[in-house]
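# Fold and contact review
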Amino acid sequence: REQKHMGQIFMEASKHQGTSFVEIYQNCNIFNDGAFSELTEKETKAETQLILEDDKPMVFGTENNKGLILDGSNFKIVEIGNNYNLNDILVHNKKDKNLAMLLSEITYTPDLPVPIGILYQETKPTYEQMMTDQIKSTISSKGKGDLNKILLGSNSWTVD
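First, a word on what this report is: a plain description of the structure on this page. (Residues numbered from 1 in each chain as written. Predicted model: local features only at pLDDT ≥ 70, side-chain atom pairs only at ≥ 80, totals over all residues. Heavy atoms only, no water.)

### Describing the pairing of strand β4 (residues 74-79)
Moving residue by residue along a regular strand, the side chains alternate between the two faces of the sheet. Sheet topology places strand β3 (residues 66-71) next to β4; six bridges connect them, and they run antiparallel. Paired with G67 across the bridge in β4 is V78. The turn linking β3 back onto β4 is made up of two residues, and G72 within it adopts a positive phi angle of 75°. (Pairing = 2+ DSSP bridges. Helix = DSSP H or I, 4+ residues; strand = E, 2+ residues; numbered from the N terminus.)

Next up, the structure:
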C-alpha cells in the first residue's frame with residue numbers, strides 16, 4: 001500500500017551498481033489475509049513503520065514524537081520531549097553495516113517498529129567493472145594481443 005515509497009526504493013535499487021535486494025511485504029487474501037495490516041492500515045502504520053531516510057533521525061509515531069536510541073546493542077523507543085530531544089535520536093546511516101545488521105533483526109522484537117527503506121548500501125566496484133579495468137590496464141601495459149600468436153605459441157610444428 002506504500003506505492004510511492006516502494007517506487008522510490010525500486011528506483012534506488014535500479015540505479016545501484018551491483019546487487020540489490022528488495023523485500024516486499026505481500027498480502028495474500030487467500031492464505032495470508034491481513035498478515036501485514038498493522039503496517040498498512042492508516043490507523044496503525046504510523047506507530048508500526050519506521051521509514052528510514054539517510055542522515056535523518058529515526059523517528060516515527062502519529063506525531064513523529066517517538067524515536068530510537070541504542071541501549072547497549074539493542075534499540076529502545078523513547079518519547080521526544082520526555083527527557084529526550086531530537087538530537088538524542090539515532091540518525092540513520094545507510095553506509096553503516098553494523099547499524100544495518102541491527103535494523104535487519106528489529107522485526108524479531110514485537111514492540112519495535114518495522115524499518116522500511118534502504119537499510120544498507122555499499123558502493124564499490126562490481127566484478128564486471130573490475131574485469132573491464134583489468135583488461136584495459138593489461139592492454140595499455142602489454143599492447144593488444146594477437147590471438148593466432150597465443151594459440152600457436154612458440155612450440156608449433158607443421159604437419160604435411
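### Some remarks on the pairing of β3
With two bridges joining them, strand β2 (residues 59-60) and β3 adopt antiparallel strand pairing. Residue pairing for β3: V59 is matched across the bridge by G67. The turn joining β2 and β3, which pair antiparallel and follow one another in sequence, is formed by five residues; a positive phi near 110° is taken by G61.

### Some thoughts on unusual backbone geometry
You will see that D55, though not glycine, has its phi angle at about 65°, which is positive. Assignment of secondary structure puts D55 in the loop between β1 (49-51) and β2. What makes D55 exposed here is its relative accessible area of 58%. Positioned with a positive phi, N64 is a non-glycine residue whose angle comes to about 50°. Overall, N64 belongs to the partly exposed group, its relative accessible area being 48%. (Buried < 20%, exposed > 50% of the residue type's maximum accessible area, 1.4 Å probe, protein only.)

### Considerations on the layout of surface pockets
The space that makes up the largest pocket amounts to roughly 1400 Å³. Around the largest pocket sit 47 residues that line it, and I9, F21, V22, E23 and G117 are the ones nearest its centre. Sorting the residues of the lining of the largest pocket by element identifies α1 (3-15), α2 (37-40), α4 (97-104) and β5 (114-116) as the ones contributing at least two each. The dominant element in the lining of the largest pocket, judged by the number of residues it contributes, is α1, at six residues. Class assignment for the residues of the lining of the largest pocket results in 21 nonpolar, 18 polar and eight charged. (1 Å grid on protein atoms, 1.4 Å probe; cavity = no way out; pocket = protein on both sides within 12 Å on 5 of 7 lines; lining within 4 Å. Points joined across faces, edges and corners; volume = space filled by probe spheres on them. Nonpolar A, V, L, I, M, F, W, Y, C, P; charged D, E, K, R; others polar.)

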